[in-house]
Amino acid sequence: MSLSVDRLLKLPPVFSLHDLTKHTYLGRGMSLDAAKKFLTRMQEKSYIAAAGARTAHYYNLLKDPYGARNRPLEVAELLYPEAIVIGINVLHAYGWVNQIPRTIDVAVNASRRTLCKIDGIELRPRPRAWFAEQQSNDAVLRHGESPFMIDSLTPRAALDDIYKVRDMWVPGHDDLFIPSDEEEGVERLSQSRLMLRDR
């Protein structure tokens, strides 16, 4: 086994340029220049794939050959801890629309000065107050409740956001299949959240 492959096998399925320079995974970190050269060589051999322009995050294809398809949300959460899946993806996950989105819409804090481009993800800036409002309305599904690997909105909250902000495709009434119980299929880990919300 080559030293390069051995290094990659010590890294997680999603890693950053910074991870190569730390002592965490490799025992001894690489210099920034050496890390950049290493990444270029590994990309040329198709051992890794960049998560997107200027993200400085990579998919370790030796650990997960389908990482670029399966793990963009992991990158989004690493770069933007407040990230929440919104939009048509949420509606599709709950059967409210049939259309299959090509990219995943993710809300991030609008106060950030710049946003990276993550392949497969559309970052949708939302003000800090929006996040607080979703939280207070119990509209955020956390890990274990969300059908995604990161937090997401409930389908009702996602549809309301689509209609209010209109920065993505807006489904017409003929495109929607809203169940009579809008919480149908929504799993809550804590029933107390539902009881408090219904008061």
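Okay, so let's go over this structure. These figures come from a predicted structure and were not determined experimentally. (Residues numbered from 1 in each chain as written. Predicted model: local features only at pLDDT ≥ 70, side-chain atom pairs only at ≥ 80, totals over all residues. Heavy atoms only, no water.)

1. Overview of the packing of aromatic side chains
Both the distance between ring centres and the angle between the ring planes are used here to describe each pair of aromatic rings. For the coordinates displayed, the defined rule picks out two aromatic pairs. Relative to Tyr58, the ring of Phe15 has its centre 5.8 Å away and its plane inclined at 25°; by these criteria the two rings are stacked. With Phe15 in strand 1 (residues 14-16) and Tyr58 in strand 3 (residues 57-60), the pair connects residues that are 43 residues apart, well separated along the chain. You can call Phe15 buried: its relative accessible area is 1%. The aromatic ring of Phe38 is capped on one face by Arg7, whose charged end is 5.8 Å from the ring centroid. Over the ring of Trp130 we find Arg126; its NZ or CZ atom is 5.8 Å from the centre of that ring. (Phe/Tyr/Trp six-rings, centres within 6.5 Å; stacked < 30°, edge-to-face > 60°. Helix = DSSP H or I, 4+ residues; strand = E, 2+ residues; numbered from the N terminus. Buried < 20%, exposed > 50% of the residue type's maximum accessible area, 1.4 Å probe, protein only. Lys NZ or Arg CZ within 6 Å of the ring centre and 35° of its normal.)

2. What to know about the nonpolar core
Taken as a class, soluble globular proteins show a tendency for nonpolar side chains to be buried jointly. Core analysis: the biggest nonpolar cluster contains 41 residues, and Leu73, Leu91, Val106 and Leu153 have the highest contact counts within it. Among the secondary structure elements, those contributing two or more residues to this core are helix 5 (72-79), strand 4 (84-85), helix 6 (88-93), strand 5 (104-109), strand 6 (121-126), helix 7 (128-136), strand 7 (140-141) and helix 8 (155-165). For Leu73, the contacting residues outside a window of four places in its chain are Val85, Ile104, Val106, Ile121, Phe148, Met149 and Ile150. Judged by nonpolar contacts, the second largest core, of 12 residues, contains Leu8, Leu11, Leu20 and Tyr58. (Core = buried A, V, L, I, M, F, W, Y, C linked by side-chain atoms within 4.5 Å. Contact = heavy atoms within 4.5 Å.)

3. Some thoughts on the environment of Met168
Along the chain, Met168 falls in the loop between helix 8 and helix 9 (191-198). Judged by relative accessible area, which is 12%, Met168 ranks as buried. C-alpha of Met168 to C-alpha of Glu122: the two residues are 46 residues apart in sequence and 9.4 Å apart in space. Aside from chain neighbours lying at most four places away, what touches Met168 is Ile86, Gly87, Ile88, Asp105, Arg124, Arg126, Asp161 and Ile162.

4. Quick word on helix 3 (residues 32-44)
Every α-helix carries 3.6 residues per turn, so stepping three or four residues along brings you back to the same face. The first and last C-alpha atoms of helix 3 sit 19 Å apart over 13 residues, in line with the 18 Å expected at 1.5 Å per residue. Burial in helix 3 covers these residues: Ala35, Phe38, Leu39 and Met42. Looking down the long axis of helix 3, one finds its buried residues gathered within 100° of arc, a one-sided arrangement. Those residues of helix 3 that are buried lie in contact with helix 1 (3-10), strand 1, helix 2 (17-21), strand 2 (48-50) and strand 3. Of the residues trailing helix 3, Ser46 is marked for its positive phi of about 60°. (Expected span 1.5 Å × (residues − 1). Arc of directions from axis to C-beta.)

5. Structural notes on the pattern of salt bridges
Evaluation of the coordinates by the stated rule reveals 14 salt bridges. Where Asp19 meets Lys22, a salt bridge forms, and the shortest distance between an N and an O atom there is 3.2 Å. Exposure remark for Lys22: the relative accessible area of 27% places this residue in the partly exposed category. When the shortest N-O distance is used, the salt bridge between Arg71 and Glu74 registers 2.7 Å. (Salt bridge = Lys/Arg side-chain N within 4 Å of Asp/Glu carboxyl O.)

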